[in-house]
Amino acid sequence: MKKCDICFKDYKGDAGIRIHKSKAHKDEPLGGASTKDKHSKTKTAVQASYGDYQTKDFKFKCKFCDKRTETETGLRIHHGIVHKGTTYPEHSSTDKKASRTKTVLDAHGTTYPEPSSTDEKGSRTKSVQDAHGGNHTDDLQFNCKFCDKTSQTERGLKIHHGRVHQDKDFPGHCYKNSTGSTAATKDPYAKSVAKEELLRSPSVPLDMMVKIDKATVTDQAIDRLSDQLEECKMSKKDSSAASEAMNSFTDSFLTELNKISKLKWFFFNSGSFYDKTRNSPDEFDLMIYPDVQVSVDFDDKSVLGFYKVKMVSTRVPELDGTVTRNDYIRPEAYKTYVFELFDRVLQKIREGRRVTKRVKSRNSPAYTIDYKAIPGKKAIDVDLVPCFKIEGWPPVAKRLDPKWISYDSVVHNAMKSCDIVCKKCPHDHPDNNLLWRLSFAKAEKMLMKHANSSGDSTFKKDAYRFIKLYICNMKDQFPGKIQKFSSYCIKQFIFTEFDNWPKKPTEEVIIQRNILKHLIEGLEERCIPNYFLQNDNVLQFIPTDELNLLCRGMKMEYEKLLGKKRSK
């Protein structure tokens, strides 16, 4: 069976999909052919449903070279990087109501037009984001009125305000009303602001979006979430059997590892099985680290989230081959050595006969195995991640103060340590072969495990499970097309949503569809902030095609939660 990449319907073969597209998606080019009228631009079925959302039509061509992009934003990114010293050519933006062109200064000192945005209610102003999704120069920063915090985007300032100054009104901003005049309002979420504008703005916190969402909650949507909740639940029988098998495996593995190595090795369980958000008991993550003291150069801010690690312990002969003359530890050499130890361990332990090593990308920090622990059941996916444990909370990370966790001890313990893993740095850097990736796996586990501990809602973890389920279903439908977007990305997104979770009990359908709205906006903007590291975008290295596919899938899930009218 094959699936249509527009509406996800099943067909037996390519011929069936081509016939289906020729009837159901007439505007979608078939076999690379473009159906273009002389006087109008072709729109795909997706564009017709969700506005002028760009697909694989590389119609924007650079005036200075042969580069083509899908969107004008992409062209601006290219222009800002490659042609910094030249002026961006102006284009006009036209809609049904009016057309105008406004030149603004982007973050690279070049000029480009700001398209006007007009809806049925009238025109409204939009803040211009530059080619990097909102990174502006210092003169375009947003300053907090209550402290010294500055943000490069208004969205970032509102997130800061919601976390730190919850008891104060957000300072006023100007909005254009339908008559074209500019009116200042003390509260940007006041009734004078059009509801449609609030819903479209990614700056609106989740609790405000939920409050102004008056769309009908349907029986169909309620049943859908209920069915998905059942699908997300793990069988106690299966989970207990998998947990017992993993405990036996871990004990044997660590015992043998400590026999063949002169170092003392420890581990901790991470991942969604242990924070109770796993959909099925078939994946386990183990962080494995030696009793070695290291230091991290957090003062080096050249590559956010990647740092050099230096040996502090007295000389460890076993690791001599991984350490430079200046006592810096090379991540690739360390990973290679530890992986060789893992190979030797699996040859000796009894469980090793049921293990198959999986070949993964060279850049992956994990040693992955398929462990056939339970006869007749799916093999368990086990990720063994070599790392170093860092005592204390790094100064580059934000201090955690989640209002959705009622136990102070949880937050305190979450900030006791972090880890550094052998994740390949994707940036060009003089010390690229010495850079390690900062990991907050332990803090993520503790925060997610206690997400439902405060407030009336027990839906927080379920909301996260549902998004994971959507992504898993899409991976099954489009094998190999969703590889970079992972549970890690979803966690960073959902933690921020938790910070603005509605304080009063609310219909779960309303919460979930507004979470999806925020996720769609993040995918369209190519930006989801790292919850632990400011100014770090977890989507920055995910391919555009993958994000486009995810965005279409999330929009369809959002539409399903609107559904039909609820029966009385």
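Small disclaimer: the values here were computed from a predicted structure and weren't measured. (Residues numbered from 1 in each chain as written. Predicted model: local features only at pLDDT ≥ 70, side-chain atom pairs only at ≥ 80, totals over all residues. Heavy atoms only, no water.)

(A) Local environment of unusual backbone geometry. The phi dihedral of R526 is positive, around 60°, even though this residue is not glycine. Inspection of the secondary structure puts R526 in the loop between α14 (508–525) and α15 (544–562). Positive phi is not limited to glycine here, since N535 has a value of about 70°. Mapped onto the elements, N535 comes out in the loop between α14 and α15. Among the residues examined, N535 registers a relative accessible area of 69% and is labelled exposed. (Helix = DSSP H or I, 4+ residues; strand = E, 2+ residues; numbered from the N terminus. Buried < 20%, exposed > 50% of the residue type's maximum accessible area, 1.4 Å probe, protein only.)

(B) Quick peek at the pattern of salt bridges. Evaluation of the coordinates by the stated rule reveals 13 salt bridges. Among the salt bridges present, the one from R224 reaches E557, with a minimum N-O distance of 2.6 Å. Separated by 333 residues along the polypeptide, R224 in helix α7 (residues 219–232) and E557 in helix α15 bring together distant segments of the chain. Given a relative accessible area of 12%, E557 falls into the buried group. One continuous salt-bridge network, built from bridges that share partners, spans R224, E557 and K560. (Salt bridge = Lys/Arg side-chain N within 4 Å of Asp/Glu carboxyl O.)

(C) Quick look at the confidence of the model for the protein chain. Looking at the protein chain, the pLDDT average stands at 77 and 73% of residues meet or exceed 70. Note on residues 172–202: pLDDT under 50 across the span, and 64 contacts to partners over four residues away in sequence or across chains. (pLDDT = per-residue confidence, 0-100. Contact = heavy atoms within 4.5 Å.)

(D) Expanded view of helix α12 (residues 460–477). With 18 residues, α12 extends 26 Å from end C-alpha to end C-alpha; this agrees with the ideal 26 Å at 1.5 Å per step. Where burial is concerned, most of α12 is hidden: 13 out of the 18 residues are buried. (Expected span 1.5 Å × (residues − 1).)

(E) Spatial organisation of the pairing of strand β22 (residues 435–439). Of all five residues that make up β22, five are buried, and the element is covered over most of its length. Direction of pairing for strand β21 (residues 417–421) relative to β22: antiparallel, over a ladder of three bridges. From the neighbouring strand, I420 faces β22, where its bridge partner is L438. (Pairing = 2+ DSSP bridges.)

(F) Just the packing of α7 against α15, in detail. The interhelical angle for the contact between α7 and α15, taken along N-to-C directions, is 125°, at an axis separation of 7 Å. The orientation of α7 relative to α15 falls into the category oblique. Each of A221, R224, L225 and Q228 in α7 lies in contact with α15, whose residues at this interface are E557, K560 and L561. Its residues placed into classes, the contact of α7 with α15 shows three nonpolar, one polar and three charged. (Axes fitted to C-alpha atoms, helices over the stretch in contact; angles between N-to-C directions. Parallel < 35°, antiparallel > 145°, perpendicular 65-115°, else oblique. Nonpolar A, V, L, I, M, F, W, Y, C, P; charged D, E, K, R; others polar.)

(G) Molecular detail of the environment of D10. Mapped onto the secondary structure, D10 falls in strand β2 (residues 10–11). Between the C-alpha atom of D10 and that of Q477, which follows or precedes it by 467 residues, the distance is 9.5 Å.

(H) Summary view of the nonpolar core. Counting 112 residues, the largest nonpolar core has F249, F253 and F485 as the members making the most contacts within it. With sequence-adjacent residues up to four places away left out, F253 is seen in contact with I288, F342, V345, L346, I349 and L384. (Core = buried A, V, L, I, M, F, W, Y, C linked by side-chain atoms within 4.5 Å.)

(I) Summary view of the packing of aromatic side chains. Taken as a whole, this structure holds 23 aromatic pairs when the rule is applied. Taking 6.3 Å as the distance between ring centres and 45° as the angle between the ring planes, the aromatic pair formed by F459 and W501 counts as tilted. You can see F459 sitting in the loop between α11 (441–449) and α12 and its partner W501 sitting in the loop between α13 (487–499) and α14, a full 42 residues away along the chain. Judged by relative accessible area, F459 falls into the buried class, the value being 2%. Using a relative accessible area of 6% as the deciding quantity, one classes W501 as buried. Grouping aromatic residues by their ring pairs yields a cluster made of W393, W404, F440, F459, F466, F495, F498, W501, Y531 and F532. For the cation-ring pair, K310 lies above Y328, with the distance from its terminal atom to the ring centre recorded as 5.1 Å. (Phe/Tyr/Trp six-rings, centres within 6.5 Å; stacked < 30°, edge-to-face > 60°. Lys NZ or Arg CZ within 6 Å of the ring centre and 35° of its normal.)

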